[in-house]
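# Structure assessment
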Amino acid sequence: MLNVLISLVVILFLSSCGSKTDLFQEKTNITNAEKVKKVVHMLDWKEYKIEEVTIDENNIILHLLGARLDFNEEDLQTMVTNGSLLLVLVEDANSIQYEYDEPAFAVDREMAGTMLKTNFNKTIEDFRKSKEDFKELQDGLPKVKTQAGVVQ
């Protein structure tokens, strides 16, 4: 009996460690505020803490906790990566805006579209249509280098 229990625990552990959240199935429209918030909180924000998510005129505004770093010193990789993913996952979103006490940084549809076309030779709509392409984007975006908000 103990061997069966140990085997079950090992199987559950290995299957949970190997599985990645399927963000592609969470695609939504900007009009579904609750689903947008769910998608935001499913992303890996690393050191950033999201205090609140609001939607204003097709812009997703992420209110961040903590002190804002000097823009030139801040590693914006997480903001660029997650902002681009959100623009793919949330139809009709125009931009992802990051704010502390005041606006700090934004990833708009044009910036993300240019970066995706340059680095992956695909558009936001291409990634939105194909689960396989979205997986490629999810794996590749963290490798795209940014410095002071500029994609390298």
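Residues numbered from 1 in each chain as written. Predicted model: local features only at pLDDT ≥ 70, side-chain atom pairs only at ≥ 80, totals over all residues. Heavy atoms only, no water.

## A look at the side chain of Lys-122
This is how the line gets drawn: Numbering of helices and strands runs from the N terminus; a helix is a DSSP stretch of H or I covering at least four residues, while a strand is a stretch of E covering at least two. A simple rule labels every residue: compare its accessible area, found with a 1.4 Å probe on the protein chains alone, to the largest value its type can have, and call it buried under 20%, exposed over 50%, or partly exposed in between. Think of a polar contact as two N or O atoms within 3.5 Å of one another; within protein, one of them needs to be a possible hydrogen donor and the other a possible acceptor, and neighboring residues in sequence only count if both atoms come from side chains. Whether two residues are in contact is decided by their heavy atoms, any of which lying within 4.5 Å being enough.
When you line up the elements, Lys-122 lands in the loop between helix 4 (109-120) and helix 5 (124-129). According to the relative accessible area criterion, Lys-122 is buried, its value standing at 19%. For Lys-122, the side chain forms a polar contact with the side chain of Glu-136, separated by 3.3 Å. For Lys-122, the contacting residues outside a window of four places in its chain are Leu-116, Lys-117, Phe-127, Asp-133 and Glu-136.

## Notes on the pairing of strand 5 (residues 95-99)
Stated precisely, the cut-off is as follows: When DSSP locates at least two bridges between a pair of strands, those strands are taken to pair.
Across the five residues that make up strand 5, a large majority, four, are buried. In this sheet, strand 5 lies alongside strand 3 (residues 59-64) in parallel orientation, the contact comprising five bridges. When the sheet's bridge partners are listed, Ile-60 is paired in strand 5 with Ile-96. Here five bridges tie strand 5 to strand 6 (residues 103-108), and the two strands are oriented antiparallel to one another. Bridge assignment links Ile-96 to a residue of strand 6, and that residue is Val-107. In sequence, strand 5 turns back onto strand 6 through a hairpin of three residues.

## Thoughts on the sheet that holds strand 2 (residues 50-56)
Note the cut-off: Axis angles are defined between N-to-C directions and span 0 to 180 degrees, where every axis is a line fitted to C-alpha atoms and, for a helix, only to the segment in contact.
Strand order in the open sheet made by the four strands is 2-3-5-6, with mixed pairing throughout. In this open sheet, the two edge strands, each paired with only one partner strand, are strand 2 and strand 6. Taking each pair of neighbouring strands and ignoring which way they run, the sheet shows an average axis angle of 20 degrees. Seen against the sheet, helix 2 (residues 33-42) touches strand 2 and strand 3 and runs at an angle of roughly 140 degrees to strand 2.

## Observations concerning the pattern of salt bridges
Applicable threshold: A side-chain nitrogen of Lys or Arg and a carboxyl oxygen of Asp or Glu constitute a salt bridge if their distance falls within 4 Å.
Within this structure, the stated rule accounts for 10 salt bridges. Where Asp-22 meets Lys-131, a salt bridge forms, and the shortest distance between an N and an O atom there is 2.9 Å. Residue Asp-22 is located in the loop between helix 1 (2-18) and strand 1 (28-29), and its partner Lys-131 is located in helix 6 (residues 131-140); the two are separated by 109 residues in the primary sequence. Among the ionic pairs, Arg-128 bridges to Glu-91, the shortest N-O distance being 3.4 Å. Residue Arg-128 is found in helix 5, and its partner Glu-91 is found in strand 4 (residues 90-91); the two are separated by 37 residues along the sequence. The network of salt bridges with common partners includes Glu-26, Lys-35 and Lys-38.

## A short note on the confidence of the model for the protein
Put simply, the rule is: Note: pLDDT gives the predictor's confidence per residue, expressed from 0 to 100.
In this model, the protein carries a mean pLDDT of 84, and residues with pLDDT of at least 70 account for 79%. Scored below 50 in pLDDT, residues 2-19 shows zero contacts in the model against residues more than four places distant or in partner chains.

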